[in-house]
Amino acid sequence: MLNELPTVLSQTLFRLGALPFRKVSIRRGEVEIVKDELDLSELSIASVVTEDWFGPSPTGHKFRANLNGREMTGDLDDLSLRADVAECMGRACHKIRASVKLNMEEKRAPVSVKGLIEWSYVSRTPVRELMRATIGKALTTNEAWVAFKRRVIIPDVVPRVEKERNLEQLRSIDKGGLVLFPKLGCFNDVVQVDFSSLYPSIIIKYNISAETVDACHDVVTEIGHDLCYKEKGIVPEALEWLVNRKEYLKSVDPERAEAVKWILVASFGYLGYRNSKFGKIEAYELVTHFARKTLRNALEIASERGLEVIHGIVDSLMVKGRDVDDFVREVQERTGFKLKAEPMSWVVLTSRRDGNPYPMRYFGRTSDGVKMKGVIRDNMPNLVKDFLEDLRKLMSSASDCEELMTLRAEVMRLLRGYLERVVSGEPRDYVMWVKGIPYVRGVRGFYDARNGFLGRDLEYYRQYLSRTVRVVYPWL
Amino acid sequence: MALTTGFPLLDSLISEDKIVEFYSLDRELLTLFYHRVIAVSSPVQVVLVGERGGLDPNMVERFQRIYGVTGEIRVRRAFKVEDVSQVLKVVRGRL
């Protein structure tokens, strides 16, 4: 019997000792790994996108390329590029030479080509197989390698039987993370305190995996599911290596660290996914239970220390007060989870149009400039995105809330400039991407930009800008 | 016990049937309908088949209050088709 995960090809390569992105030597037909660490310094990596007037397009005649960090643009006819690994789009794929060529139109993975190489390395799976894969496959393959090592059979379908509950039990268990209603307004001298990889860390700390839930009663929880520590779970073992890998890569290569982070982000949701091989709903519920408990612990400690909590979302708190470093230390000691603190000279928490707090949107000044969350969305028109980027730069000059409010005249000037650009802008300014399709709002409604530029609805873009500025700069 | 929807006409139509499928293109209507059926059928044991669960305990209790029923509702969810037969086996064993 052979598990189909890791893929048969990956298992064969493993047996041959020829895993992806390892340096090997071949002597008398024998393959030997010379270097097991991923070293990209000897590789040339390229990304080549073809562009039309509205943005990336397989039929575009211009190109934008990145070869080992070096940016290039030009006419597609002039493109000549050679790389070891390259991702490409449309006609650009015929113009470049590469040992491994990945067509971006077939790519489902939400990471860069470098990120894909990292996935290939950690999942011990050829990059071409992963390119068409979802994050779930990268994660499951990592877990499947642990199962492979333990000689555990992985069925194609794993039927699960959920425990019976009454409505009250369901209501108290079937919940996500804890989200507070933020205090509204601008606040000076706030510290954002984030738990690092909280959900994966919970899975590791409490040994949460389908096979460890209710296997014995080493940890008895209030939600009716218990945990067994007799044997390390498959999911925690796979995640522990990924968490350590991400921490290591942070200082080595942030782009690859981001790719590993994607797998970790998916790891919790996948525990409760119906087709998950190594998860089940009870495991998922345990993770959210411990996450809520952890944030509540942190809130209690903040209260004991007299700190004002401005906001809290799942694994993050914004606090105001003295000795935040001591608070961080105590939370780490009492919860057992790592925290990172980021001081903000000011932060703005905004409301919805109906006046209620909007927990998922905030922006504030950190040492790296103004950080915005839930403000710039992918589906916004390009000129609105540009406006927000310029507004971000403008706001980064304010050192506190009072200074931020005095920027009113500059913000008005910036807005006026963009309202003029609504009239005189380039066609590309009006494009907004929705589910991979570029749209423009014309006088008769939205149309697909791939059919050509057929005019724009000035009033729509004016109102969009005015509405956006009221959200981000409510003091106008 | 026959399935109870709380609508006398529907109940008389389905009174002889053991398995009844309700179908609607209107997701919201279907959601309201099955929450109401669960509430008025209580006490009842429910196997809910849905990719994301889809039971709102508050809505069921609201219907129970509206119709003045208080019977206990016990739920198991089947998130994929392969779970259904396994869940039904366990439920049948307990009946």
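Quick caveat: nothing in here was measured; it's all calculated off a predicted structure.

Focus: the sheet that holds strand β18 (residues 432–434) of chain A
Residue and element names in this part refer to chain A.
Part 1: Ordered in space as β18-β19-β20, the 3 strands form an open sheet in which the pairing is antiparallel. Each end of this open sheet is capped by a strand with a single partner; those strands are β18 and β20 (445–448). Strand-to-strand twist across the sheet, computed as the mean angle between neighbouring axes with direction ignored, equals 45 degrees.
Part 2: Inspection of the sheet shows β18 paired to strand β19 (residues 437–442) by 3 bridges, in the antiparallel sense. Bridge pairing links Val434 to Ile437 in β19.
Part 3: Packing against the sheet, helix α15 (residues 458–472) makes contact with β18, β19 and β20, and its axis sits at approximately 105 degrees to β19.

Examining the pairing of β20(A)
Part 1: Bridging between β19(A) and β20(A) involves 4 bridges; their strand directions are antiparallel. Looking across to β20(A), one finds that A:Gly442 is bridged to A:Gly445.

A few points about the pairing of strand β5 (residues 62–67) of chain A
Part 1: Across the two faces of β5(A) the burial differs, with A:Phe63, A:Ala65 and A:Leu67 buried and A:Lys62, A:Arg64 and A:Asn66 not buried at all.
Part 2: Where β5(A) hands over to strand β6 (residues 70–75) of chain A, the hairpin turn is made up of 2 residues, of which A:Asn68 adopts a positive phi near 50 degrees.

Some words on helix α2 (residues 27–40) of chain B
All names here are of chain B.
Part 1: With 14 residues, α2 should cover 20 Å at 1.5 Å per step; its first-to-last C-alpha distance of 20 Å lies within 8% of that length.
Part 2: Inspection of α2 places Leu30, Thr31, Phe33, His35, Arg36, Val37, Ile38, Ala39 and Val40 among the buried residues, and these make up the whole buried set.
Part 3: Considering only its buried residues, α2 is in contact with α1 (8–14), β1 (44–49), α3 (57–67) and β2 (73–78).
Part 4: Regarding α2, its N-cap is Asp26, as a side-chain oxygen of that residue lies 3.1 Å from the backbone nitrogen of Glu28 further along.

What about empty space enclosed by the protein?
Part 1: Under the defined criterion, the tally for this structure stands at 2 cavities of 30 Å³ or more.
Part 2: Here the largest cavity is characterised by a volume of approximately 80 Å³.
Part 3: Here the second largest cavity is characterised by a volume of approximately 30 Å³.
Part 4: Lining the second largest cavity we find A:Arg160, A:Glu162, A:Lys280, A:Ile281, A:Glu282, B:Arg77, B:Phe79 and B:Asp83.

Observations regarding the sheet that holds strand β13 (residues 308–313) of chain A
Residue and element names in this part refer to chain A.
Part 1: Read from one edge to the other, the open sheet built from 6 strands follows the order β13-β14-β10-β15-β16-β17, with strand pairing classed as antiparallel. Looking at which strands have only one partner, the edges of the open sheet turn out to be β13 and β17 (369–373). Taken over all neighbouring pairs, the strand axes of this sheet differ in orientation by 35 degrees on average, direction set aside.
Part 2: Pairing of strand β15 (residues 339–351) with strand β16 (residues 357–366) involves 5 bridges; the strand directions are antiparallel. Looking at β16, one finds that Val348 is bridged to Phe363.

Quick look at the packing of helix α8 (residues 234–252) of chain A against helix α9 (residues 254–271) of chain A
All names here are of chain A.
Part 1: For the pair α8 and α9, interaxial distance at closest approach is 8 Å and the crossing angle is 155 degrees. One element, α8, and the other, α9, form an angle in the roughly antiparallel class. Helix-helix and strand crossings are classified by hand; for α8 and α9 the assignment is left-handed. Contact residues: Val235, Leu239, Leu242, Val243, Arg245, Lys246, Leu249, Lys250 and Val252 in α8; Pro254, Arg256, Ala257, Val260, Lys261, Ile263, Leu264, Ser267 and Leu271 in α9.

Quick look at the interface of chain B and chain A
Part 1: Opposite the 22 residues of chain B that make contact, chain A presents 19 residues.
Part 2: Overall, the association of chain B and chain A removes approximately 2000 Å² of surface from exposure, summing both partners, and the carbon and sulfur fraction of that is 52%.
Part 3: It is B:Arg76, B:Arg77 and B:Lys80 that lose the most area in chain B upon contact with chain A, and together they represent 32% of the buried surface on that side.
Part 4: B:Arg77 is the partner of A:Glu285 in a salt bridge, and the nearest nitrogen-oxygen pair spans 3.1 Å.
Part 5: Summed over the shared surface of chain B and chain A, the number is 12 residue pairs in polar contact (both at pLDDT 80 or more).
Part 6: Only α3, β2 and α4 (81–94) of chain B provide two or more residues apiece to the side of chain B that touches chain A.
Part 7: Tallying contributions element by element places α4(B) first for the side of chain B that touches chain A, with 6 residues.
Part 8: Of the residues that constitute the side of chain B that touches chain A, the class distribution is 8 nonpolar, 4 polar and 10 charged.

Thoughts on the environment of A:Arg421
All names here are of chain A.
Part 1: Of note, Arg421 is situated in helix α14 (residues 408–424).
Part 2: Arg421 sits in the partly exposed class, given a relative accessible area of 22%.
Part 3: Separated by 41 residues in sequence, Arg421 and Arg462 have C-alpha atoms that sit 9.6 Å apart.
Part 4: In contact with Arg421, other than residues within four places in its own chain, are Leu383, Asp386, Asp429 and Tyr430.

What counts and how
Residues numbered from 1 in each chain as written. Chains lettered and ligands numbered in written order. Predicted model: local features only at pLDDT ≥ 70, side-chain atom pairs only at ≥ 80, totals over all residues. Heavy atoms only, no water. Pairing = 2+ DSSP bridges. Helix = DSSP H or I, 4+ residues; strand = E, 2+ residues; numbered from the N terminus. Axes fitted to C-alpha atoms, helices over the stretch in contact; angles between N-to-C directions. Contact = heavy atoms within 4.5 Å. Buried < 20%, exposed > 50% of the residue type's maximum accessible area, 1.4 Å probe, protein only. Expected span 1.5 Å × (residues − 1). Polar contact = N/O pair within 3.5 Å; in protein donor to acceptor, adjacent residues only side chain to side chain. 1 Å grid on protein atoms, 1.4 Å probe; cavity = no way out; pocket = protein on both sides within 12 Å on 5 of 7 lines; lining within 4 Å. Points joined across faces, edges and corners; volume = space filled by probe spheres on them. Parallel < 35°, antiparallel > 145°, perpendicular 65-115°, else oblique. Left-handed = near helix turned anticlockwise from the far one by under 90°. Buried area = accessible area lost by both parts, 1.4 Å probe. Salt bridge = Lys/Arg side-chain N within 4 Å of Asp/Glu carboxyl O. Nonpolar A, V, L, I, M, F, W, Y, C, P; charged D, E, K, R; others polar.

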